[in-house]
Amino acid sequence: MDKKFEPLIIGFTCNWCSYRAADMAGISREKYPPNVRLIRLMCSGRLDPTFILKALAGGADGVLVTGCHPGECHYLEQNFKAARRFSLLKRMLNQMGIEPERVKLVWASAAEGVRLAKEITTMVEEVRALGPLNWPGVVAEDGNGYVAHLAPEEVSA
Amino acid sequence: MSDNGKPKFGMYWASSCGGCEISVLNIGDKLLVVDEVFDVVFWPCAADFKYDDVRGYPDGYIDLCLFNGAIRNSENEEMAKLLRQKSKVLVAFGSCAYEGCIPALSNFTSKEATMEAVYLDNPSIDNPAKILPQPINKVPEGELDIPHFYHTVKSLDQVVPVDYYIPGCPPEPHQIWAVLEVVVAGLLQGAELPPAGSVVGAGQVAVCEECPLSKHEKTIDRFYRPWEIDPEPDLCLLEQGIMCVGPATRSGCGALCPQVGMGCRGCYGPLEGVEDQGARMLTALASVIGVGKTGDTEAQLEAKLDKIMDTIVDPAGTFYRFSMAHSILKRAKVNGHGAKKGEAK
Amino acid sequence: MSKEKIGVYVCHCGTNISGTVDVEEVSKWAGENLEKDGVVVSRDYKFMCSSLGQELIEADIKEQGLTRVVVAACSPHLHEQTFRTAVKRADLNPYLCEMVSIREQVSWVHTDKKIATEKSKSVIAGGVKRVAFHEELEPLQVPINEATLVVGGGIAGIQAALEIADSGFPVYMVEREPSIGGHMAKFDKTFPTLDCAACILTPKMVSVGDHPHINMYTYSEVEKVDGYVGNFTVTIRKKARYVDTDVCTGCGICEEKCPQKVIDDIFEAGLGYRKAVYRPFPQAVPKYPVIDTDNCIYFQRGKCKACQIFCPTEPNSIDFEQQDEIIEITVGNIILATGYDLFDARRVPQYGYGRLANVFTSLEFERMCNAAGPTNGEVVLRDGVTTPEAVAIVHCVGSRDRNYNNYCSVICCMQSLKFAHLVKERTGAEVYNFYIDMRTPFKDYDEFYQKVLEEGAHFIRGRVAEITDAARMPGEEGKLIIQAEDTLIGKQRRIPVDMVVLSAGLESRADAKEVAHKFGISCSTDEWFIEKHPKLDPVATMTEGVFIAGACQGPKDIPASVAQGAAAAARVLSRIQSKELALEPVRASVIEEKCSGCRICNNLCPFNAIIFHEDRMVTEINPALCQGCGTCVAACPSEAITGTQFSNEQILAQLEGLLMLDVEGGLVSMLEPEMA
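Residues numbered from 1 in each chain as written. Chains lettered and ligands numbered in written order. Predicted model: local features only at pLDDT ≥ 70, side-chain atom pairs only at ≥ 80, totals over all residues. Heavy atoms only, no water.

The helix and strand inventory of chain B stands at 11 helices and 10 strands. In chain B, which comprises 345 residues, the proportion classed as buried is 58%. Long-range pairs, those at least 24 residues apart, make up 73% of the contacts in chain B between residues at least 6 apart in sequence. One way to put it: in chain B the 31 positive side-chain charges average out to a point 5 Å from where the 46 negative ones average out. (Helix = DSSP H or I, 4+ residues; strand = E, 2+ residues; numbered from the N terminus. Buried < 20%, exposed > 50% of the residue type's maximum accessible area, 1.4 Å probe, protein only. Contact = heavy atoms within 4.5 Å. Lys, Arg positive; Asp, Glu negative; His and termini not counted. Charge placed at Lys NZ, Arg CZ, Asp CG, Glu CD.)

This is the structure:
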């Protein structure tokens, strides 16, 4: 029986807005798929691209980055730094062959629990459609043969 | 084989350009000191020893083996394992062995695409029969085999344990000599050697410390390609919009490139304790790009970011130029192996 | 094998968690599978936050020598402090306790019990791996300056200022308008008691003006706020009144003699006039007038100077050369009580405000009813003479409306009932209240509604579709027709009236976002200031030392505003009494040996905590100013900056734990390149 692929997505939240938005979703009992596991940071500005790379290399199929809306950062402007890093990282990940739907940035204020739940639901389906990332497999793959344009045959000495 | 009591020296090149050998020669007359102190027992570039010679040595016979070049194929790996077995101290010499260097940029593409580009689809090849190298070729006399070409280039420490790393592309001659001095002191006078796994022949902080250009609070408004402007002589290149990955690169070279108006490319590898050099440069650079301020709508912010990020050409190649094999992702995911060129989007 | 001894505690939270997550299975799994990570005891319990639950932890710490604790329960925003305190009681550093959420972020949001259970395991694995890297930390103690800044001189700000000043501590009050009093000073009568607003407000205003511990800066605005809790440096711009307040006696002659009449948009809601040199209202505090330079003949054309000519004081109180004054103060705490703006009824074109003369807003109507207002308290049409025979009062204008503001403005129903009563009292006209729901929840409110019902006002349950002067049926000529569906009888109705009063909703101030940014707090999507917790902490904000009170936090009536003003004052007073505040030790610091002086981090800190030492060419971070956001930690290309409580090791360890199991609970395969 074909088992539905369940993507594993790691989410980074900021302590003041998006983590509270996730809490708000809980308080509102707003259901969303269980495929996202959240890490709390103090601020989206704490987000080191290393975390995203480690998540993808470590078996995650997608990464969700969240933070306060631009202009509403608890630490005033740090989410702008997060936005800059994310923009450049997306371009780099593109070059690494990672589909854009796998790494997403969502701004969510503490009041937007329902919206965050919806964004998570959408992202889970988008990543599900892409299939597993299986980065450990990507790295370990090492074909020992060549693409055979010609079958091995006698070559005159 | 003779044993005159002198410590044994080996140097091998795997997938490399030969620059590391030249750099060793560049230590100049100190080479004579090396010759005096050591007995060279294996150095394909400089002397006529065979693989079988090495196979015949006792384990640990080679006191100091400088291994440069990345692991591109099965021969490189076989030699890495052989030399590890036969060496006391195995050094990953130069950026290729340390972290992949230029050969590891091949990790952006696939083996198939590489084969196609070299043997099938380039302007100077005429191969209508589409002959590709095969691992085994039957000839009237029997079977010939050639090393397997790997899909992913690896660093030396990804196939064998490594004692020391000397970074650089190539390592600077004065740094090579500094390391040799330490090793000789250790071998001949019993002086303490650095802890195994150390990066030697390099500094402990970033290139910025060595760089004589003046540094200020940084805000980058746009980037310039190196040919687009004449940089001001005494001012930090990055502040002028010229890509320089010095902040994320280990010092030791003397900041040779920034001094002449060329942004550091990162060949001395990441800082102590840093796993992924590219991620560090990416985050540092992006953080100081002066885009986005309170009052911008989300759409405005995204548009401004797109505009400036589009001027950073090939971020992955720029940030991982030397350290691809050691990076967290290690290679790109390439869609559709086979007849397609297979380059990542 | 970890050298730590970690205790894991999984809470049932009654059935809140255990109803969806198999907590016993999770606890057992943690005990067996996280043993190599240091878990030595793993328990589940019905209510971890109860004293018995906490005692479980304390007992294990003492008896088993636990070095770390992980509690899997509700959100850390609720109980992190509870468990940290419990851990501290058992003599373990409170920062060695980590809390992970399996309620708000698992049991309350997922339906598949099996998968929710697997997710809980991963979340706990993340916490366990992370907590091993926690360090012992001590909170940072900061001294608290005794002075307080209250921004806004409305009823909430006044209450807060008086409470603090009466306790003997200095208060600075900054008010943008020339007088304190806020919106309440404009009202006529207040519901439900029908007290005269001015009568109950002005004594408080006078107390503020005369108080020995209150420094009032009216006609002033805060320009800049620097520093942090306990030690804010605030720059205030005191705008030039062009009146020397040291000399002026408030006699009012200047106002009387001024030849320039100006429509008073602020206090009289555009219904009346004032002069170019004016006091906003007779009971203004302070009593000094101010010159409106945009309309003053002298400032515009260089002529007149009647005010100066007739001013009786020696020296003259009028000073045309007066400049704005910049004042810097130091305070320990700040209370924002900046109030609200009225919804602009012109945004609802079908109601005709601004186009149809006899459509009024609530604020206009208040002024009309006020005995000291432009009509001396007479309810008349826009012509100033005609008494209306029928008045419509429209509830929910701009509120409860997806086209404008989704929320309920709280006070409009009571206000509309009050209007109905006043109209009846003063005119005997027919009154029609068009409402959606009748919101009269507090003390004596519903009784007031019943009274108005008895007075004979008509109540039609339906949102008004249109207010028009286009007559279509007999009896509508020269009238304003209200078209609405009467939902209780299920019929469309057209009701002709002479006058309409729109109960316009409350909105946040136009510059609320800017103000929030200035003080380092945030606004909600509707741009009200965000409180720390909507139920349990409505006057604090997420920024230590900055509190909010009154309508700036959300629409509310006068009793609630007063209560919040007092609550904010109480919070501030407790801070002042403690003399010191313990700040969370979430801080960044530079490892000097690793710093190359690249200066990438130098301009990343909005709190100016990052200092560069030119002599040593290294960067340093001031721990007192550092707010712990971690932006510099993430930016440093050498990884030379570390952050406590959110270090790279901790986060990457947590990531490892989260990636231990896949969504269905299988092990995630971790293929590594082959090592010889």
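Now for the domain arrangement of chain B. Residues and elements named next belong to chain B. Structurally, chain B comprises domain 1 (8-103 + 152-199), domain 2 (108-150) and domain 3 (207-313). Taken as a group, Glu 99, Pro 167 and Glu 172 account for 44% of the area that domain 1 buries against domain 3, more than any other trio of residues on that side. Linking domain 1 with domain 3 are 3 residue pairs in polar contact (both at pLDDT 80 or more), by the criterion used here. Sorting the residues of the side of domain 1 that touches domain 3 by element identifies helix H5 (94-99) and helix H7 (173-189) as the ones contributing at least two each. Tallying contributions element by element places H5 first for the side of domain 1 that touches domain 3, with 3 residues. (Domains from an automatic or database assignment. Buried area = accessible area lost by both parts, 1.4 Å probe. Polar contact = N/O pair within 3.5 Å; in protein donor to acceptor, adjacent residues only side chain to side chain.)

Turning our eyes to something else, we now look at the packing of helix H1 (residues 18-27) of chain A against helix H4 (residues 113-130) of chain A. Residue and element names in this part refer to chain A. Where H1 contacts H4, the two axes come as close as 7 Å, and the packing angle between them is 90 degrees. As summarised for this structure, H1 and H4 are arranged roughly perpendicular, according to the angle between their axes. Contact with H1, carried on its side by Ser 18, Ala 21, Ala 22, Met 24 and Ala 25, involves Gly 113, Leu 116 and Ala 117 of H4 and no other residues of that element. Across the contact of H1 with H4, the residue classes tally to 6 nonpolar, 2 polar and no charged. (Axes fitted to C-alpha atoms, helices over the stretch in contact; angles between N-to-C directions. Parallel < 35°, antiparallel > 145°, perpendicular 65-115°, else oblique. Nonpolar A, V, L, I, M, F, W, Y, C, P; charged D, E, K, R; others polar.)

As a further point, take the interface of chain B and chain A. At the interface, 61 residues of chain B touch 46 residues of chain A. Summed over both partners, the interface of chain B with chain A comes to about 4800 Å²; 61% of that surface belongs to carbon and sulfur atoms. Summed over the shared surface of chain B and chain A, the result is 5 salt bridges. We note a salt bridge from Arg 91 of chain A to Asp 306 of chain B, for which the minimum N-O separation is 3.4 Å. (Salt bridge = Lys/Arg side-chain N within 4 Å of Asp/Glu carboxyl O.)

Before going further, it helps to spend a moment on the pattern of salt bridges. Applying the stated criterion across every chain, the model contains 69 salt bridges over all chains. Note that Arg 509 of chain C is salt-bridged to Asp 341 of chain C, the shortest N-O span being 2.9 Å. Here Asp 341 of chain C lies in strand E19 (residues 340-342) and Arg 509 of chain C lies in the loop between strand E28 (506-508) and helix H14 (512-519), a separation of 168 residues in the sequence. Between Arg 494 of chain C and Glu 476 of chain C there is a salt bridge, with its nearest N and O atoms 2.9 Å apart. Taken as a pair, Arg 494 of chain C in strand E26 (residues 491-497) and Glu 476 of chain C in the loop between strand E24 (464-468) and strand E25 (480-486) lie far apart in primary sequence, 18 residues in all. With a relative accessible area of 17%, Arg 494 of chain C lands in the buried category. Salt bridges sharing common partners tie together Lys 104, Glu 112, Arg 115, Glu 119 and Glu 126 of chain A.

The next thing to look at is the sheet that holds strand E17 (residues 325-331) of chain C. Think of a sheet as strands paired side by side through backbone hydrogen bonds, with each pair either parallel or antiparallel. Residues and elements named next belong to chain C. Read across the open sheet, the 3 strands follow the order E11-E12-E17; overall the sheet is antiparallel. Strands at the two margins of the open sheet, each flanked by one partner only, are strand E11 (220-228) and E17. Going across the sheet, the axis of each strand differs from the next one's by a mean of 20 degrees, ignoring polarity. Where E11 lies against strand E12 (residues 231-238), 8 bridges are found, and the strand directions are antiparallel. Bridge pairing in E12 links Glu 221 to Arg 237. (Pairing = 2+ DSSP bridges.)

This paragraph deals with the sheet that holds strand E29 (residues 546-548) of chain C. Residues and elements named next belong to chain C. Pairing is parallel in the open sheet, where 5 strands are placed in the order E10-E7-E6-E18-E29. With partners counted over all chains shown, the strands left at the sheet margins are strand E10 (214-217) and E29, one partner each. Strand-to-strand twist of the sheet, defined as the mean angle between neighbouring strand axes without regard to direction, takes the value 20 degrees. Where strand E6 (residues 148-151) and strand E18 (residues 333-336) come together, 4 bridges link them in parallel fashion. Across the sheet, the residue bridging to Leu 149 is Ile 334, located in E18.

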